[in-house]
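# Structure at a glance
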Amino acid sequence: MSHSELNKTAGVGIIRKLNRDGLLSDDAFIAANAVLRPASCWFKWARRILLFLGSALILAGIIFFFAYNWAAMGRFLKFGLIEAGIVICIIASFLRGQKRLSGKVLLLSASVLVGVLLAVYGQVYQTGADAFELFIGWAVLILGWVIISNFAALWLLWLILLNTSAILYWSQVGRPAHTIRFEFLCLGVAFLNGAALTLREVGLLKGLQWLSAKWLRGILLSASLVALSIPTIYLIVDFEGIVEVSVLTAFVWVVASVGGYVCYRFKLRDMVSLAFILMNACIILLTLIGRILFDSTSFTDPGVYLLFALIILGVVGGVAFWLRKTAATMAGEVKESAK
Amino acid sequence: MNQSSLTIKQLLEHPKVRDLVSPEDIERIAASLAGPEQPSKDPMYIRILYGLGAWFAALFLILFIGISQMFESGAASIFIGITFLVAAIVITRVSKAVFLSQLSLALAFAGNILILVGVIAEIEKPDVLIILITHAVVCAVVYPLYVSSIYRFLAPIALVVLATVWIVDDEVFFLMHFLIAAEMILAGVLLLHRKLPSLLIPLAYSAAVMLPATLLFLNLM
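Residues numbered from 1 in each chain as written. Chains lettered and ligands numbered in written order. Predicted model: local features only at pLDDT ≥ 70, side-chain atom pairs only at ≥ 80, totals over all residues.

## Quick notes on the interface of chain A and chain B
Interfaces are often sized by the accessible area lost when the parts come together. Every contact between the two is made by 44 residues of chain A and, on the other side, 41 residues of chain B. Taken together, the elements giving at least two residues each to the side of chain A that touches chain B come down to helix 1 (12–20), helix 2 (26–36), helix 11 (271–296) and helix 12 (302–338) of chain A. The leading source of residues in the side of chain A that touches chain B is helix 12 of chain A, at 15 residues. Among the residues forming the side of chain A that touches chain B, the class breakdown is 30 nonpolar, seven polar and seven charged. (Contact = placed C-beta atoms within 7 Å. Helix = DSSP H or I, 4+ residues; strand = E, 2+ residues; numbered from the N terminus. Nonpolar A, V, L, I, M, F, W, Y, C, P; charged D, E, K, R; others polar.)

## A closer look at the domain arrangement of chain B
Each assigned domain of chain B is listed here: domain 1 (42–126) and domain 2 (151–221). Taking the mean C-alpha position of each, domain 1 of chain B and domain 2 of chain B sit 23 Å from one another. (Domains from an automatic or database assignment.)

## Concerning the domain arrangement of chain A
Annotation of chain A at the domain level lists domain 1 (11–56), domain 2 (69–179) and domain 3 (181–334). Distance between the C-alpha centres of domain 1 of chain A and domain 3 of chain A: 36 Å.

## Thoughts on the environment of Ser101(B)
Mapped onto the elements, Ser101(B) comes out in helix 5 (residues 98–122). Residue contacts for Ser101(B): discarding those within four places in its chain leaves Thr92(B) and Lys96(B).

## Some thoughts on the environment of Ile312(A)
Position of Ile312(A) relative to the elements: it lies in helix 12. Judged by the 26 C-beta atoms lying within 10 Å of it, Ile312(A) falls in the buried class. Separated by 209 residues in the primary sequence, Ile312(A) and Gly103(A) place their C-alpha atoms 49 Å from one another. Leaving out residues up to four positions away in the same chain, Ile312(A) has contacts with Leu286(A), Gly53(B), Phe56(B), Ala57(B) and Phe60(B). (Buried ≥ 20, exposed ≤ 12 C-beta atoms within 10 Å, placed from the backbone.)

## Description of unusual backbone geometry
Glycine aside, a negative phi is what most residues show, and trans is what most peptide bonds show. A positive phi angle is found at Asn150(A), which is not glycine, with a value near 50 degrees. For Asn150(A), a count of 16 C-beta atoms within 10 Å corresponds to the partly exposed category. Of note, Glu171(B) is a non-glycine position whose phi angle comes to about 55 degrees, a positive value.

## Description of the nonpolar core
Side chains that are nonpolar tend, in soluble globular proteins, to be buried together. Counting residues in each nonpolar core, the largest one holds 101 residues, and the members touching the most others are Ala309(A), Ala57(B), Ala58(B), Leu61(B), Ala106(B), Ala108(B) and Ala110(B). Sequence-distant contacts of Ala106(B), that is, excluding residues within four places in its chain, are made with Ala309(A), Leu313(A), Ala54(B), Ala57(B), Ala58(B) and Leu61(B). Ala10(A), Ala32(A), Val17(B) and Ile29(B) belong to the second largest nonpolar core, which has 17 residues in total. (Core = buried A, V, L, I, M, F, W, Y, C linked by C-beta atoms within 7 Å.)

## Re the packing of helix 7 (residues 152–174) of chain A against helix 8 (residues 182–205) of chain A
Residue and element names in this part refer to chain A. Remark: helix 7 packs on helix 8, axes separated minimally by 10 Å, with the N-to-C direction vectors making an angle of 170 degrees. Taken together, the axis directions place helix 7 and helix 8 in an arrangement best described as roughly antiparallel. Within the contact between the two elements, helix 7 uses Leu159, Leu162, Asn163, Ala166, Ile167, Trp170 and Gly174 and helix 8 uses Leu185, Gly188, Val189, Leu192, Asn193 and Ala196. Looking at the contact of helix 7 with helix 8 residue by residue, the class counts come to nine nonpolar, four polar and no charged. (Axes fitted to C-alpha atoms, helices over the stretch in contact; angles between N-to-C directions. Parallel < 35°, antiparallel > 145°, perpendicular 65-115°, else oblique.)

So, in structure tokens, the structure goes:
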């Protein structure tokens, strides 16, 4: 057997195609599939999914249990049950150890229960505190567990709490008092998620494998870019109401997009992130073109709508072409560097 | 050895596989792999980009037709819709250029919507069932002719969403059991089919999404 074509990496897609083309018998296909994807892979996958789903459903059950039985329970019972839940989760997490996924999920569950405890506390004693204080308190209280967990999902929960705190602080304090502009909130949220993304990438380069999940990169990158895009689009649409901070936000969006492109094109080489950055740039560019087009003509002129439809197709097609070309170039570069 | 990094040669020589593959099979496999490489499918992010671009372009195409007052009557709208669909089918068969693929997808979306709008305008008392039947007919005709995995994925989902809307709107709730059963059977048959024709692959993915789509829409309504 000396065919060089057979040195290609085997994948399920290839053997399925060979089977479909009649080159590989059904029995051989099943045997080859079992070699590529042994049963242990599926068991591992099922164990993980069931662990996450089970934990999420139990936590949802606890929250609904309190909501349904609220009137029938005394305050000591309410606090006692939640605190018992937290203590059990922590002890079980300690016994399982932080290297096992179950131990990490138990710590995540304890962190969620802290939020439930704070919400129940606020309801029982009617503290009158603003909602953002609950989320900040929650984030502060679980910080220790987040640090020791080495668990991306718990870090994400913590970041969601900080983002929610910032948004609620703006809507409950900053906006009513006219002390914080919307653009500053967006800059803050973008900075928070951007900093987390940078730390994730640096941590991964330093060998922290628990940060390697690609979804974490996607969530943080999209959160940063969306936070910067909203005020940038607003600036384009409502150009008359321009203030310095709007221009600053648009400038930061440009810097973040260019920086992200350079980083994921040349340094970290990730096509999905590149695609997201270019999609985002597409939206901003089309908003700008649309604004110019509809400003220079009339909204009742049907030709403008047709022209804009063609421009959308042109811009999106151009970006897709660029992405395809970049993906091919990048695949070549990866092969070269592997040699 | 990591099983995911096996070469085809190593896989065919694996103790569990080698007795099931003859030397002639290996020769034929090698000859097949040595042939001209099939153009690889676009990755998911490019297909999402295409889909989004086409939807927005379709929206502006419909606005263009609406403002041009081309569909003053339902029949005119249906005619333009059919023309768009035919144009979309012809374009995909003539060219594979990115811009034209995008244009054809936008025309297909716009054409499908225009036919539904036209049918609604033509009937005195618009009913979701009529829209559902119209979309089913359009989908059945266009699906085999129009070579686009995005259209083939989205059109059946739209059909299921319309069916859910109709069941809730007309309060024929017992049909929900049949809809869910039909979705599960379709997904089961397509996903377990070992030699699924490429024509039906988007429908298989669509079938996998139908059940969550039904449950989601049921809760939203």
